[in-house]
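The residues making up each chain are set out below.
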Number of protein chains: 2
Amino acid sequence: MEFASFLTSLCTSFVIFVVLMLLFTWLSRKPGNEVVYYPNRIFRGLDPWEGRRMTRNPVAWIGEALRASEADVIAVAGVDAAVYLVFLCSVLGILVLSGILLLPVLLPVAATDHNLKLSAQSNSNGTFTNLDKLAMGNIQEQSPRLWACILGTYWVSFVTFFVLWKAYKHVNNIRSAAKPNSLRTPEDFAVLVRDIPRAPKGQTVKDHVDLYFKSLHPDTFYRSMVITDNKKVNKIWEELEGYRKKLARAEVVYEESKTASKPDGTRPTNRTGFLGLIGSKVDSIDHCNEKIKELLPKLEAEQKVTLEEKQQHAALIFFNSRPAAVSAAQTLHAQMVDTWIVMEAPEPRQLIWTNLPKKFYERQIRQYVIYGIVFLTVFFYMIPIVFISSLTTLANLRRLLPFLKHIVDKPAIKTILEAYLPQIALIVFMALLPTLLMFLSKAEGIPSQSHVVRATSGKYFYFIIFNVFLGVTISGSLIDSLKTILNHPKQIVPLLGASLPGSATFFLTFVALKFFVGYGLELSRLVPLVIFHLKKKFLCKTEAEVKEAWAPGDFSYGTRVPNDMLIMTVVLCYSVIAPLIIPFGVVYFSLGWLIARNQALKVYIPSYESFGRMWPHMHVRVLAALVIYQITMLGYISLKKFLYAPFIVPLPILSVVFAYICNKRFYRAFANTSLEVACQNLKETSNLESVYTAFIPPSLMPEKLDDGNQFEGAQSQPSRPTAV
Amino acid sequence: MEFASFLTSLCTSFVIFVVLMLLFTWLSRKPGNEVVYYPNRIFRGLDPWEGRRMTRNPVAWIGEALRASEADVIAVAGVDAAVYLVFLCSVLGILVLSGILLLPVLLPVAATDHNLKLSAQSNSNGTFTNLDKLAMGNIQEQSPRLWACILGTYWVSFVTFFVLWKAYKHVNNIRSAAKPNSLRTPEDFAVLVRDIPRAPKGQTVKDHVDLYFKSLHPDTFYRSMVITDNKKVNKIWEELEGYRKKLARAEVVYEESKTASKPDGTRPTNRTGFLGLIGSKVDSIDHCNEKIKELLPKLEAEQKVTLEEKQQHAALIFFNSRPAAVSAAQTLHAQMVDTWIVMEAPEPRQLIWTNLPKKFYERQIRQYVIYGIVFLTVFFYMIPIVFISSLTTLANLRRLLPFLKHIVDKPAIKTILEAYLPQIALIVFMALLPTLLMFLSKAEGIPSQSHVVRATSGKYFYFIIFNVFLGVTISGSLIDSLKTILNHPKQIVPLLGASLPGSATFFLTFVALKFFVGYGLELSRLVPLVIFHLKKKFLCKTEAEVKEAWAPGDFSYGTRVPNDMLIMTVVLCYSVIAPLIIPFGVVYFSLGWLIARNQALKVYIPSYESFGRMWPHMHVRVLAALVIYQITMLGYISLKKFLYAPFIVPLPILSVVFAYICNKRFYRAFANTSLEVACQNLKETSNLESVYTAFIPPSLMPEKLDDGNQFEGAQSQPSRPTAV
């Protein structure tokens, strides 16, 4: 790519960004849009604008994002969002500290050498741009100037270690401070137990569980809740909820039809058959009321059956104090290690009920099968896509769907189709990939939503590092390169070193596009805005439906974190080879940090709280990126035939040692709750009954509020009704 | 080696064995020897013979060993000995089950082929023995008879999996049954805490520890004992004990000198200088009494100083119930994972006091440094030995120690010296190796003796597998082979396959020698017998000294287990290539099992009890041997140019999967005590004060029994004086 075209692309991106910013300023002030731009504030019952509509300053949100303290972020958006911000901030710190030394040192060192000129002279058709002159490519082979590269690599590595260590400590403190202060933590009193062995004859699982835990924790056991097979009861409950929604909707429609001219209105009707298109016509309100009346006793009966007869081999155990639960969750219970496996209970809202009864060996096997599938997906996803692309040619389309012939044969449409048809399979695949990975992670048998997101994030990280970063860099078939590498493992170092410099300009543009366009769209929320207004106009009738339409969801860490990781890997890898990329990285992560803060404070509503358990994964992956970088540099400097290239070798080893130390030093505090933390704020009394109720799934909630004693089937009576 | 010489060596070994057996029968009945042959029974206060002297049956001990049940063994020799017997028994089971199929199938398959004859014809100087005809070497290349080899390998592998799975389950049951029934387990109430952070100013470590644990375990904390630096107090105490022994000895000498002719006797004297050789002559009894009087107040003062001022950053925490201690030991205490590290307390008698205060990072670093040293020792131990051997030549000896010249120059002595001098360094090294490895393991910072023995056993296992087994097999410099292997990792498979068959006869002889001579010596206890009688005659005066002279020690698992492992590896690796080795292996392990039972019941006195924590290590190493075997077979069958050799490939993978499953399934029950086990026999009350006292090291024990309240410096007062 030439310098001019690079500048053009940069300017275009910037213009788009400015336009999106202005759009954001304008749109966010329009009444009716506040639910798209300030849903979090509305959700918390605050005034979305707080007199902000007065100022017409398009960068006011930046000030607000900067003014908020970390404690504010934790209070509003939870620890997970705060930890994500720490991650962005850490990477920013690494890049700024690296840039401070690398830019003033490496740019002059590179610019004053003449390698490109020399090779251009000897190679008549060699061309080079001013951009290339500022990169390491301009240093001659064996030049002592390459010492600057080695020192640069060391500097970046040590800066990374320093920042990561500080950040890990900081996150650990956030976690330990937030946990005892958090108000809604019923899970602190509970332990999840899986792989309960078969109950002795004549005993239900519930009796078995109660007996076992009462004998092992005579003083602290409160009660238990056995996991049940809720498939059928869920179905009935969903049907019931569906009719309730329909009823509410029909009532609104009926109310609206009561105009002045027609004070009685028209009662809405619908058809009972498939999708409301066929079948007999009925009065919607009456029909729904009837159905609800019919389903209520059915639900109650099924609830009873479920609680009594569909008990699974997993349970939640409630203790009467936090330290007792924390201690029990970490203690080996059974001599047969694969039975009575205990762990800290996840939050009620992120518990994946259907995964809980999965057995020990089943979980192991599922996990490895899914690792296998992911491995195949990462390396060979192109094969089915190429196959599908070969099927979806124009000729096939004409043969299979003859009625399209007339449209397809028009020259303009034909050209477009010919250009895009082969890509469709790939585009669809890439769009569906996060969902697919989420599905696979869930199928592993993981008990909590946050854990599934972590697992997805890991899988997606491998996918984009291998396919986007290495794919673009090594360019050409990854499978061929892989074959070379597997046969000659040492080949990967020169391969990386040789391929990287060529793609520098491409990645510069890529990073710029990512932040200008990507962040512009993120901030202006154009897509959710359009979807919300369309839904509101054509679909939503009731309050609840409107609320559902603007519900912003949470940060989707599963894809967001790996994408940031990709940018970080790219910037790190080029930091010494083409130091000009560092400012781009700095802009990406500082803008990202600002916008993520804005979104955390005003937009997204967290759907779970894992108290920063994502951090160790982020930490390890930043180190993985660092190792890729160090190996690349080793290859690159070796290719320059520099005698002292092996001086890089200690760096990857150091990185591994650092990762190992950090793991030993911090990890267990993320995997388990420490007794220190559990014993804080002990005086605060908690209503144990409400702790217990928080875990009852909605489909098993008693329909009549006075009927609280129904839950005796799978759930024991409290052994001590007094609260702590 | 020819067949005749093999038979000769076999017969010689057998004759030695019979002679040793007869010696044992004769010697064990002689009065005065019972302390060598039945020390365990004497130690437990039983009659050593129980009327057995009547029977002159040389194999009576076999009957006794067979009649004893496992429960007897556990009661007498502890769980560790029982687990060692399970190990021997399991290997025996593997070999017997393998032999049942392999011998009747493989021997005829091999014997009826003609490969050796053919190669002998083509190769004029080729020779072969009848023994070789019964081995796989006699099967022609590419012959379909090689299917029998593949199936044999599968059979052996599955038999191993089956037996090991059963054995792991069995050992797990032994462990869980023995733990709650064991009477003397003060460690069940204690937790070891290391890496205590610096105490706040003005607080001693003891205050700090008490405050911390009282706040985290308000209901169950009993008291604490801070580890102190006992170097100085130990020295004084040892000096004191030395004088006490000398005093007792001098008194006995004095009593003995009172003969009828000289009723007053002669008071013994000694010199006070170096080794009692120089210095002024003093009356021994008076001198010792004086010294003891002098040292007693010194000891008391030092005890006080130690307890108050030499507190280290580690402590033992005592709880008032077993489940509380077990639960606390498995719970993360501090948010900073590298502080307040808790673990189950080891038995008082196996606690390595000096290792306890070692810091987290120090332990990590020590561990890796020592792994490095062991690696160098395993691979390069020959270098210093060759160097030392080159120094200890006859010429050097003559030059350095001229006074030896006259002896050295005698032709007979010269010949012997020339033959053995070069070996001396090697022999000395091999004799010192277990001690060296034990020292290295201890230096890792491991807190308990049994763990040190496990670590030593692992190191010794690697040493003998690499140097004896692979050393003999690949024969020639191991380092050269290593170089080949490191450069072409796949080379190891054909290398093993090609080298193994040549050493078959050597290993047959080796195994036979091991069991006939080794076990003969073990059973007849000739060496301890001679040493005991020499000591008794010339050194021992007092009762205590005699007792010390016959103290049999315990099974030295650190060297015993790896040696058995070596035999097992050898037999497994040859099981298909030369099936004749299987009967030898069967004899080795059945004799070994019998003799180990005899020694466990009558001889050795266990010095610690780890409740079978050795088992997971044995298990993994049997599997390691199996993998070596499977890889060898892959190489061997490939070399026979058999097309279906890759059918072996799934086996090593299966072995790794099996090891992984077993680890997941059982290991944690060995690393931690389960709550189930801790909650058994809860009614049995325990005197908490005696639990506490059991951990006080002898040098810190108050000299006057009434002075029990001295220990306030490093040890807290009980927070609840009532027992559970």
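Residues numbered from 1 in each chain as written. Chains lettered and ligands numbered in written order. Predicted model: local features only at pLDDT ≥ 70, side-chain atom pairs only at ≥ 80, totals over all residues. Heavy atoms only, no water.

Undergrad: I'd like a description of the overall build of chain A, backed by residues and values.
TA: Counting its regular elements, chain A contains 29 helices and six strands. A burial count over chain A gives 51% of its 724 residues as buried. For chain A, long-range pairs separated by at least 24 residues make up 82% of all intrachain contacts whose partners lie at least 6 apart in sequence. Accessible area of chain A: about 34000 Å², with a carbon and sulfur share of 65%. (Helix = DSSP H or I, 4+ residues; strand = E, 2+ residues; numbered from the N terminus. Buried < 20%, exposed > 50% of the residue type's maximum accessible area, 1.4 Å probe, protein only. Contact = heavy atoms within 4.5 Å. Areas by Shrake-Rupley, 256 points an atom, 1.4 Å probe, with all protein chains shown as cover.)

Undergrad: Describe the interface of chain B and chain A, with residues and values.
TA: Contact residues are listed per partner, giving 39 residues for chain B and 39 residues for chain A. For the pair chain B and chain A, the summed buried surface comes to about 3300 Å²; carbon and sulfur atoms form 55% of the total. A per-residue breakdown of the area chain B buries against chain A is headed by L332, Q335 and R665 of chain B, which together make up 21% of the total. At the boundary of chain B with chain A, the tally comes to two salt bridges. (Buried area = accessible area lost by both parts, 1.4 Å probe. Salt bridge = Lys/Arg side-chain N within 4 Å of Asp/Glu carboxyl O.)

Undergrad: Pulling in residues and values, what's your account of the sheet that holds strand β1 (residues 190-194) of chain B?
TA: Residue and element names in this part refer to chain B. Reading across the sheet, the four strands line up as β2-β5-β1-β6 and stay open at both edges, with antiparallel pairing between neighbours. At either margin of the open sheet sits one strand with a lone partner, and together these are β2 (221-228) and β6 (341-344). The average angle at which neighbouring strand axes cross in this sheet is 25°, direction not considered. In the sheet, β2 pairs with strand β5 (residues 311-319) via six bridges, with the strands oriented antiparallel. By the bridge assignment, R223 is partnered in β5 with F318. Running at roughly 85° to β5, helix α11 (residues 284-309) makes contact with β2 and β5 of the sheet. (Pairing = 2+ DSSP bridges. Axes fitted to C-alpha atoms, helices over the stretch in contact; angles between N-to-C directions.)

Undergrad: I'd like a rundown of the sheet that holds strand β6 (residues 341-344) of chain A, residues and numbers included.
TA: Sheet strands pair via backbone hydrogen bonds, and the direction of the pair is either parallel or antiparallel. All names here are of chain A. What the four strands build is an open sheet, ordered β2-β5-β1-β6; its pairing is antiparallel. Pairing within the sheet leaves two strands with one partner each, and these edge strands are β2 (221-228) and β6. On average, each strand axis in the sheet is tilted by 25° relative to the strand beside it, whichever way the strands run. Across four bridges, the pairing between strand β1 (residues 190-194) and strand β5 (residues 311-319) is antiparallel. Pairing of V191 across the sheet is with I317, part of β5.

Undergrad: Talk me through the pairing of β5 of chain B; I want residue IDs and the actual numbers.
TA: Residue and element names in this part refer to chain B. Burial within β5 is extensive, with seven of its nine residues counted as buried. The sheet contact formed by β1 and β5 spans five bridges and is antiparallel. In the strand pairing of β5, R194 is matched with A314.

Undergrad: Can you tell me about the relation of the copies chain B and chain A, naming the residues and giving the values?
TA: Mapping chain B onto chain A leaves a residual RMSD of 0.2 Å; the transformation is a rotation of 180° accompanied by 0.1 Å of translation along its axis. In short, the pair behaves as if placed about a two-fold rotation axis. Both copies present the same face, since 100% of the interface residues in chain B are matched by interface residues at the equivalent positions in chain A. (Least-squares fit on C-alpha atoms with pLDDT ≥ 70 in both.)

Undergrad: Break down helix α13 (residues 360-380) of chain B for me, with residues and values.
TA: Taking 1.5 Å of rise per residue, the 21 residues of α13 of chain B would be expected to cover 30 Å, and the 30 Å separating its terminal C-alpha atoms lies within 8% of that figure. Residues of α13 of chain B that are buried: F360, R363, Q364, I370, V374, T377, V378 and F379 of chain B. (Expected span 1.5 Å × (residues − 1).)

Undergrad: For the side chain of T456 of chain B, give the residues involved together with the corresponding values.
TA: Relative to the elements of secondary structure, T456 of chain B occurs in helix α18 (residues 449-474). In this structure T456 of chain B comes out as buried when scored by relative accessible area, which is 3%.

Undergrad: Which residues make up the packing of aromatic side chains, and what values go with them?
TA: Geometrically, a pair of aromatic rings is defined through the distance of the ring centres and the angle of the planes. Tallied over the entire structure, the rule returns 74 aromatic pairs over all chains. Measuring from centroid to centroid gives 3.8 Å for Y212 of chain A and W340 of chain A, while their planes differ by 0°, and the two rings are stacked. In this pair, Y212 of chain A sits in helix α9 (residues 205-216) while W340 of chain A sits in the loop between α12 (322-330) and β6, placing the two residues 128 residues apart along the sequence. Grouping residues by exposure puts Y212 of chain A and W340 of chain A together as buried. Three or more aromatic residues joined by ring pairs make a cluster, and in this case those are Y154, F158, F161, W165, Y168, W615, F658, F666 and F670 of chain A. Positioned above the aromatic ring of Y692 of chain B, the side-chain terminus of R223 of chain B is 3.6 Å from the ring centre. (Phe/Tyr/Trp six-rings, centres within 6.5 Å; stacked < 30°, edge-to-face > 60°. Lys NZ or Arg CZ within 6 Å of the ring centre and 35° of its normal.)

Undergrad: Can you break down the side chain of N598 of chain B residue by residue, with the values?
TA: Residues and elements named next belong to chain B. Mapped onto the fold, N598 is located in helix α25 (residues 581-603). Of the polar contacts made by the side chain of N598, one reaches the side chain of Q599; its length is 3.0 Å. Beyond its immediate stretch of four places on either side in the chain, N598 contacts W61, A65, L523 and V603. (Polar contact = N/O pair within 3.5 Å; in protein donor to acceptor, adjacent residues only side chain to side chain.)

Undergrad: Quick rundown of the environment of S690 of chain A? Include the residues and the values.
TA: All names here are of chain A. Relative to the helices and strands, S690 resides in helix α29 (residues 688-694). Taking the relative accessible area as the measure of exposure, S690 reaches 38% and is therefore partly exposed. Remark: the alpha-carbon pair of S690 and P186, spanning 504 residues in sequence, is separated by 8.0 Å.

Undergrad: Account for unusual backbone geometry, naming residues and giving values.
TA: Its identity as a non-glycine residue notwithstanding, F611 of chain A has a phi of 55°, on the positive side. Relative to the assigned elements, F611 of chain A resides in the loop between α25 (581-603) and α26 (615-639). The class for F611 of chain A is buried, based on a relative accessible area of 4%. Positive phi outside glycine occurs at K641 of chain B, with the angle close to 55°. Residue placement: K641 of chain B occurs in the loop between α26 (615-639) and α27 (650-671).

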